[in-house]
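For reference, the chains in residue letters:
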Amino acid sequence: MLDQPTRTAKPSPGASAAEDAPKIASGEINAQSQETDGFQLVIDALKLNGIDTIFGLPGIPITDLTRKLQAAGLRVISFRHEQNAGYAASIAGFMTQKPGICLTVSAPGFMNGLAALANATTNCFPMILISGSSEREIVDLQQGDYEEMDQLAIARPHAKAAFRVLHAEDIGVGVARAIRAALSGRPGGVYLDLPAKLFPQTMDAEAGRQSLIKVVDPAPRQIPAPDAVKRALDLLKGAKRPLIILGKGAAYAQADADIRALVEKTSIPYLPMAMAKGLLPDTHEQSAAAARSYVLPEADVVLVIGARLNWLLSHGKGKTWGANSAKDWGGQKFIQIDISPQEADSNVRIDAPVVGDIGSCVSAMLGAISATAGSWPTPPAEWLDAIAQRKTKNIAKMGESLAKNPTPMNFHSALNVVRDIVKANPDAILVNEGANALDFTRSIVDMYKPRKRLDVGTWGVMGSGMGFSVAAAVVSGEQVIAVEGDSAFGFSGMECETICRYNLPVCVVILNNNGVYRGDEVNTTGGRDPSPLVFVKGARYEKLMEAFGGVGVMASTPAELRNAMEEAIRSRKPTLINAVIDEKAGTESGRITSLNPAAKKKP
Ligand code: ADP
Ligand code: TPW
């Protein structure tokens, strides 16, 4: 044990009533001296704040912390790569409104986790990356310590906040600050640096107990200003062709009933962003998802709830929105509900920003609408009829594609099966990544309940699949179905071992077309190497799950895929189905071919 001076902790102003104080396991305290240490204080601080699961990967200096966390009753889910543990933590945060914790070793482990931390910040997922770090004195003089790296400085630009704790008595404050930063306002990723020297530091147990903080109201409601609500409703009321867009912030907010009531009371058609699918069932008659390319350019007033007008919404302008060129405004008026006061006007003018938490904003709007005593106008019939017509046409067209049964399978015939299975199992959580595998799944597979679709998010990040799957199963206990492109799966495929080790009900379906995007590209330059976009043909991915005691199935027909998925769900066994599809199926970059510089090449 390192010889650290025992400093007397000040009583913390946030330390609440005695019943909130952690019961420190007696075995962990030196009975004679009644001391506690850094390990124990970290554990107690997390427990005190309701953290019950840690996603991570052990090693110096946090090996013992993982053991002690487990001994203290927390669930420690140990991964094969920190990036996957990080993705798991971030999506656990999205699902639960509690910060997901990822615990890593110093430098390389930290760096592996950092990708997930940055992704969490980008996606507004609450997460805390806790990394052990090396000796400050040596790191700062760059004297070549074991795993030397200035982690705090590196994390800062990728996190909403970053903190380091040097003294045991400050652990309570450090953990409290991290939790508050991750959850309050716009959620995000937080970095907490815990140097190796901190863990064995000792201090008086009672002073340690007093130093811990149970965070009170970590995500305070933010009530919108009444005049902002009125401005928004006045604009919405006068609309001839109103539209509501629901984003993953709306899913995160867990204001499901009020959001549904707002949509239904106003009768306004809505579009769900990918991770907002299921907030209202995708089969809801007001869903305009099947008429997206009609409603975006035609709408005159758009109410955006918990979505940013970023690339996924073509920045609120350009041809998608009916303008003549990419930089032009389509003429829509926007109302935007968001917790971040800086979000409005980020891309186009927001005529009526409503700043606050979605629960409070939607409830305020509902209250004002109800006060109109039934006089809220239904959108003009021409608008609703025109949307209904497009929907009917597009749904019929999709039905035709789904009904085909080509050999080999294509995305449609395979996903038709997934669509039926999800319909029959609406509580199952669908994880989804890939390019074509992502785009087709998003449009073909209907979701019926909120927060059941977890995907690549704002960055379109490949590699989130298995981390998300592990977390979804651990946090919810529900069946997970992960629909993966074969390339996408490869980024985190080794976590099949984790899925088997924890015996999680995860059914991975790989839509295997032998490559990135497609598998039929050849190197025509005469070189000896294959095209950079293709993989080993006929790869037997299912054997990866078998290697760890799970179930592996190769499925070449929709019937085989259906049987294998049904069996996976019945048995709840870790299963990997290698769904072999046509290697010519799919397009380069899926639906975002327009962003590919190759597509922009001048002739
Ligand atoms: P999508 O990718 O689905 O379009 P984004 O991630 O772009 O969604 O946008 C989510 C938005 O939701 C962010 O601007 C974020 O500030 C906002 N947000 C997240 N949680 C809340 C909340 N509880 N209340 C209000 N806004 C929120
Ligand atoms: C971390 C770039 C986007 S989509 C994709 C890559 C490599 C894989 C597409 O092939 P897949 O799907 O998964 O087989 P399909 O259905 O089209 O055949 N690195 C990261 N993120 C991204 N987005 C990429 C690379 C990419």
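Relevant structure appears above.
The text that follows walks through the structure, step by step, so that each part is easy to find. (Residues numbered from 1 in each chain as written. Chains lettered and ligands numbered in written order. Predicted model: local features only at pLDDT ≥ 70, side-chain atom pairs only at ≥ 80, totals over all residues. Heavy atoms only, no water.)

1. Details of the side chain of threonine 266
Position of threonine 266 relative to the elements: it lies in helix α11 (residues 256-266). The buried category is assigned to threonine 266, whose relative accessible area is 0%. If we skip the residues at most four places from it in the chain, threonine 266 touches Ile244, Ile369, Trp376, Pro377 and Pro379. (Helix = DSSP H or I, 4+ residues; strand = E, 2+ residues; numbered from the N terminus. Buried < 20%, exposed > 50% of the residue type's maximum accessible area, 1.4 Å probe, protein only. Contact = heavy atoms within 4.5 Å.)

2. So, the site of ligand 1
With respect to spatial proximity, 20 residues lie near ligand 1, and among them Arg186, Lys248, Arg308, Asp338 and Ile358 are the closest. Here an oxygen atom of ligand 1 sits 2.5 Å away from a polar atom, N or O, in the side chain of aspartate 338. Interatomic distance of 3.1 Å between a backbone N/O atom of isoleucine 339 and a nitrogen atom of ligand 1. A total of 580 Å² of accessible area belongs to ligand 1 in isolation, and the protein chains cover 96% of it. Top element by residues in the shell around ligand 1 is helix α10 (residues 248-252). It accounts for three residues. The class makeup of the residues in the shell around ligand 1 is nine nonpolar, six polar and five charged. (Near = heavy atom within 4 Å. Polar contact = N/O pair within 3.5 Å; in protein donor to acceptor, adjacent residues only side chain to side chain. Areas by Shrake-Rupley, 256 points an atom, 1.4 Å probe, with all protein chains shown as cover. Nonpolar A, V, L, I, M, F, W, Y, C, P; charged D, E, K, R; others polar.)

3. Thoughts on the sheet that holds strand β5 (residues 127-133)
The strand order β3-β2-β4-β5-β7-β6 describes an open sheet built from six strands, whose pairing is parallel. What marks the edges here is a single partner per strand, and that holds for β3 (75-78) and β6 (161-164). Each strand of the sheet is rotated relative to its neighbour by a mean of 20 degrees, with strand direction disregarded. In this sheet, strand β7 (residues 189-195) lies alongside β6 in parallel orientation, the contact comprising four bridges. Its bridge partner being in β7, arginine 164 is matched across the sheet by aspartate 193. Contacting β5, β6 and β7, helix α7 (residues 171-183) crosses the sheet at an angle of about 165 degrees to β7. (Pairing = 2+ DSSP bridges. Axes fitted to C-alpha atoms, helices over the stretch in contact; angles between N-to-C directions.)

4. Examining the packing of helix α14 (residues 381-403) against helix α15 (residues 411-424)
Orientation of α14 relative to α15, taken along the N-to-C sense of each, is 105 degrees, at an axis distance of 7 Å. Between α14 and α15, the interaxial angle falls into the category roughly perpendicular. Contact with α14, carried on its side by Met398, Ser401 and Leu402, involves His412, Asn416 and Arg419 of α15 and no other residues of that element. Counted by class, the contact of α14 with α15 contains two nonpolar, three polar and one charged residues. (Parallel < 35°, antiparallel > 145°, perpendicular 65-115°, else oblique.)

5. What about the pairing of strand β4 (residues 100-104)?
The buried fraction of β4 is high, at five of five residues. Here β4 shows no split at all, with Gly100, Cys102 and Thr104 on one side and Ile101 and Leu103 on the other all buried. Pairing between strand β2 (residues 53-56) and β4: three bridges, direction parallel. The partner of isoleucine 54 across the bridge, within β4, is isoleucine 101. In terms of strand pairing, β4 meets β5 through five bridges, oriented parallel. When the sheet's bridge partners are listed, leucine 103 is paired in β5 with isoleucine 130. The β-α-β motif built from β4, the intervening helix α4 (residues 107-123) and the parallel element β5 has right-handed crossover chirality. (Right-handed = clockwise from strand over helix to strand, strands pointing away.)

6. Comments concerning the site of ligand 2
Around ligand 2 sit 16 residues in total, of which Asn436, Ala437, Gly460, Asp486 and Ala488 are the nearest. In this structure, glycine 460 approaches ligand 2 through a main-chain N or O atom, which is 2.8 Å from a nitrogen atom. Bound to the protein, ligand 2 loses 76% of the 600 Å² it would expose on its own. Broken down by secondary-structure element, the contributors of at least two residues to the shell around ligand 2 are α16 (436-444) and α18 (486-490). In the shell around ligand 2, the residues fall into eight nonpolar, seven polar and one charged.

7. Some remarks on the packing of aromatic side chains
One pass over the full model with this rule turns up 10 aromatic pairs. On the numbers, 5.3 Å between centres and 25 degrees between planes, the contact of phenylalanine 411 with phenylalanine 440 is stacked. Linking phenylalanine 411 in helix α15 with phenylalanine 440 in helix α16, this pair joins segments that are 29 residues apart in sequence. An identical accessibility class is assigned to phenylalanine 411 and phenylalanine 440; each is buried. Aromatic rings pair up to connect Phe94, Phe125 and Tyr252 into one cluster. Sitting above the plane of the phenylalanine 39 ring, lysine 68 keeps its charged end 5.0 Å from the centroid. Directly above the ring of tyrosine 294 sits arginine 390, whose terminal nitrogen or CZ lies 4.0 Å from the centroid. (Phe/Tyr/Trp six-rings, centres within 6.5 Å; stacked < 30°, edge-to-face > 60°. Lys NZ or Arg CZ within 6 Å of the ring centre and 35° of its normal.)

8. Notes on a nonpolar patch on the surface
A surface patch of nonpolar side chains, amounting to about 320 Å² of accessible area, comprises Trp311, Leu312, Ile592 and Leu595. Tracing the backbone shows tryptophan 311 in the loop between β11 (301-305) and β12 (333-338). (Patch = residues over 30% accessible without salt bridge, like charges linked within 9 Å, V, L, I, M, F, W, Y side chains within 5 Å. Salt bridge = Lys/Arg side-chain N within 4 Å of Asp/Glu carboxyl O.)

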